[in-house]
Amino acid sequence: MADEIVLLSTWPSMFGMRVGVALAEKGLKYEYREEDLRNKSPLLLNMNPVHKKIPVLIHSGKPISESMIIVEYIDGVWNHKSPLLPTDPYQRAQARFWADYVDKKLYDIGKKIIWSTKGEEHETGKKEFIECLKLLERELGDKPYFGGENFGFVDVSLVTFSCWFHTFESYGNFSIETECPKLIAWTRRCLEKESVSSSLASGVRKRLGIE
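Residues numbered from 1 in each chain as written. Predicted model: local features only at pLDDT ≥ 70, side-chain atom pairs only at ≥ 80, totals over all residues. Heavy atoms only, no water.

A. Representation of the overall build of the chain within the structure. From N to C terminus, the chain includes 11 helices and 4 strands. Here the chain has a C-alpha radius of gyration of 17 Å; the compact-globule value for 211 residues is 17 Å, and the two agree. The C-alpha extent of the chain, read off along each of the three principal axes, is 50 × 40 × 35 Å. Considering the chain as a whole, with its 211 residues, one finds that 46% of them fall into the buried category. (Helix = DSSP H or I, 4+ residues; strand = E, 2+ residues; numbered from the N terminus. Rg over C-alpha atoms; globule rule 2.2 N^0.38 Å. Buried < 20%, exposed > 50% of the residue type's maximum accessible area, 1.4 Å probe, protein only.)

Written as structure tokens, this is what we have:
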């Protein structure tokens, strides 16, 4: 088919969920294929021979890898509905900057909380993680979404992390809502969107008191 869309991912992946949110925002139908990362399919290895990782979007037989690159591709190809990136070049650059910050800073520090021992490294990781969240909260400010009035690129990059907030809190022994109440209010606002709530792993809405 000329416009066949296939998503290769695995259900707990916050990166795969990003692609699901973007596709849902555009109202696109697609085929989802669950991958076993311990036994990767020939299709995944063929479509992403460099990194051999999920998610991979296959559009009309052509693969696109890396979650935010995929989101930007989706926004560019199906630009008739729910734009995720702003049209202004400076605002687009800012959106890409903060999405990159989420990937390069927040994700790596979050891993320290889960995988490090209960010593100094663990406490340092927790402190850095909270500082990152507070910085993102300041960037959000009093806006409904990071880009302003409309759900957009940075929102997609960050909202899927909410699936792991409970895990970070449990391992780090802290409350994100206590530290960053505006950020949790933003998360709840995002989860009111069908495109987000239908794409995120189950249990997030209940933990945030939405259901």
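B. Region of interest: the pairing of strand β1 (residues 5-9). Of all 5 residues making up β1, 5 are buried, and the element is well covered by its neighbours. When β1 meets strand β3 (residues 56-59), the two strands line up antiparallel, connected through 4 bridges. If you follow L7 over to β3, its bridge partner there is L57. Bridge analysis of β1 against strand β2 (residues 31-34) gives 4 bridges, and the strand direction is parallel. Bridging across to β2, S9 finds its partner in E34. Once you follow β1 into helix α1 (residues 14-25) and on to β2, the crossover reads as right-handed. (Pairing = 2+ DSSP bridges. Right-handed = clockwise from strand over helix to strand, strands pointing away.)

C. Geometry of the sheet that holds β1. Reading across from one edge, β2-β1-β3-β4 is the order of the 4 strands in this open sheet, with mixed pairing throughout. The sheet terminates laterally at β2 and β4 (62-65), the two strands that pair on one side only. In this sheet, neighbouring strand axes are inclined to one another by 20 degrees on average, regardless of whether the strands run parallel or antiparallel. The sheet contacts of α1 involve β1 and β3, and relative to β1 the element is tilted by about 155 degrees. (Axes fitted to C-alpha atoms, helices over the stretch in contact; angles between N-to-C directions. Contact = heavy atoms within 4.5 Å.)

D. Quick peek at the pattern of salt bridges. A complete count under the given rule lists 11 salt bridges for this structure. For D142, the salt bridge identified is with K182, shortest N-O distance 2.7 Å. Here D142 is found in the loop between α5 (120-140) and α6 (153-159), whereas its partner K182 is found in helix α9 (residues 181-191), with 40 residues between them in sequence. When its relative accessible area of 41% is taken as the criterion, K182 is described as partly exposed. (Salt bridge = Lys/Arg side-chain N within 4 Å of Asp/Glu carboxyl O.)

E. Here's a closer look at α9. The set of residues buried in α9 consists of L183, I184, W186, T187, C190 and L191. Seen from one end, α9 has its buried residues packed into an arc of 155 degrees, which puts them on one side. (Arc of directions from axis to C-beta.)

F. Highlighting the pairing of β3. Residues V56 and I58 point to one face of β3 and L57 and H59 to the other, with burial holding for every one of them. Linking β3 back to β4 in an antiparallel pair, the connection comprises 2 residues, with S60 at a positive phi of about 50 degrees.

G. Layout of the packing of aromatic side chains. Taken as a whole and judged by the stated rule, the model has 9 aromatic pairs. Both rings, one in Y145 and one in F151, keep their centres 5.8 Å apart while their planes meet at 90 degrees; by these two values the pair is edge-to-face. Exposure class is identical for Y145 and F151. Each is buried. (Phe/Tyr/Trp six-rings, centres within 6.5 Å; stacked < 30°, edge-to-face > 60°.)

H. Layout of α1. Look at α1: 16 Å from first C-alpha to last across 12 residues, which is about the 16 Å you get at 1.5 Å a residue. Burial of α1 is extensive: 10 of the 12 residues sit out of reach of the surface. At the C-terminal side of α1, G27 shows a positive phi close to 70 degrees. (Expected span 1.5 Å × (residues − 1).)

I. Broad picture of the packing of α5 against α9. The contact between α5 and α9 brings their axes to 8 Å, and the two run at 70 degrees. As the angle between them shows, α5 and α9 are arranged roughly perpendicular. Remark: the crossing between α5 and α9 carries left-handed chirality. Side by side, α5 and α9 meet where L133, E137 and L140 of the first sit next to P181, K182, L183 and W186 of the second. For the contact of α5 with α9, the per-class residue count stands at 5 nonpolar, no polar and 2 charged. (Parallel < 35°, antiparallel > 145°, perpendicular 65-115°, else oblique. Left-handed = near helix turned anticlockwise from the far one by under 90°. Nonpolar A, V, L, I, M, F, W, Y, C, P; charged D, E, K, R; others polar.)

J. Fine view of unusual backbone geometry. Between I54 and P55 the backbone carries a cis peptide bond, its omega angle lying at 0 degrees. Tracing the chain through its elements places P55 in the loop between α2 (42-47) and β3. The phi torsion at K52 lies on the positive side, around 60 degrees, for a residue other than glycine. Relative to the helices and strands, K52 is located in the loop between α2 and β3. In the Ramachandran plot, E66 falls in the positive-phi region, its phi being about 75 degrees despite a non-glycine side chain. Along the polypeptide, E66 turns up in the loop between β4 and α3 (67-77). A relative accessible area of 35% places E66 in the partly exposed class.

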